[in-house]
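Geometric and topological summary
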Amino acid sequence: MKKKEQGILTVEASIVLTLFLLFVLFLFSFARMYRAQNMISHAIMQSADALALESYIREVAHDEDANEIVKLGNQLSGLTSLSEESFTSLRSADIPKLAKEKFAVAISSSDAKTDAILKKLGVKGGLSGVDFSVSKMDLNTNDVIVYANYTLELQFPVFGFSEIN
């Protein structure tokens, strides 16, 4: 080999290695983002199901039945997501607050654990960073609509993007 041709392989290998490392870092970021989106979507579905069950209980339960229904519901779920404090209609309930409570229960057994899990997945602000303020009850159709707004922080910023809303 001639002396002029000896450095070509080194330059080519360093370019390929750099591109490969960038690709691997992108895959790690994408996998973390996918896990976060998947867990949050699942928790939103679970919170919507819990609100649907609770709305049914609120509509059909009478005050004398409330304690028994709450006790049965908590035994079946293994959690304490149902409370005796309010069996009034969901029309007068604070839907964003209820949605956030059900969301936290769907991810973990306590708010502290939920916060830690969300922060590990890159949700900016953890549990307090998930905003349910636009969740509402459609008074025309009696549907409860659950929205969650949050920001994901990328583990390895790509092309200047460090967050995704």
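It should be noted that the structure appears before, not after, this text.
Quick look at the structure, then. (Residues numbered from 1 in each chain as written. Predicted model: local features only at pLDDT ≥ 70, side-chain atom pairs only at ≥ 80, totals over all residues. Heavy atoms only, no water.)

1. Structural notes on the pattern of salt bridges
Pairs can form between side chains of opposite charge whenever their charged atoms are close. Within the structure shown, the criterion is met by 2 salt bridges. Between Lys97 and Glu101 there is a salt bridge whose closest N-O contact spans 3.8 Å. Pair noted here: Lys97 and Glu101 are both in helix 3 (residues 95-107), with a separation of 4 residues, about one helical turn. Between Asp115 and Lys119 there is a salt bridge whose closest N-O contact spans 3.2 Å. On the criterion of helical spacing, the pair formed by Asp115 and Lys119 is a turn pair, its members being 4 residues apart in helix 4 (residues 111-120). (Salt bridge = Lys/Arg side-chain N within 4 Å of Asp/Glu carboxyl O. Helix = DSSP H or I, 4+ residues; strand = E, 2+ residues; numbered from the N terminus.)

2. Points about the packing of helix 3 against helix 4
Where helix 3 contacts helix 4, the two axes come as close as 9 Å, and the packing angle between them is 75 degrees. With respect to helix 4, the axis of helix 3 lies roughly perpendicular. In this structure, helix 3 contributes Phe103, Ala104 and Ile107 to the contact, and helix 4 contributes Asp111, Thr114, Ile117 and Leu118. Class assignment for the residues of the contact of helix 3 with helix 4 results in 5 nonpolar, 1 polar and 1 charged. (Axes fitted to C-alpha atoms, helices over the stretch in contact; angles between N-to-C directions. Parallel < 35°, antiparallel > 145°, perpendicular 65-115°, else oblique. Contact = heavy atoms within 4.5 Å. Nonpolar A, V, L, I, M, F, W, Y, C, P; charged D, E, K, R; others polar.)

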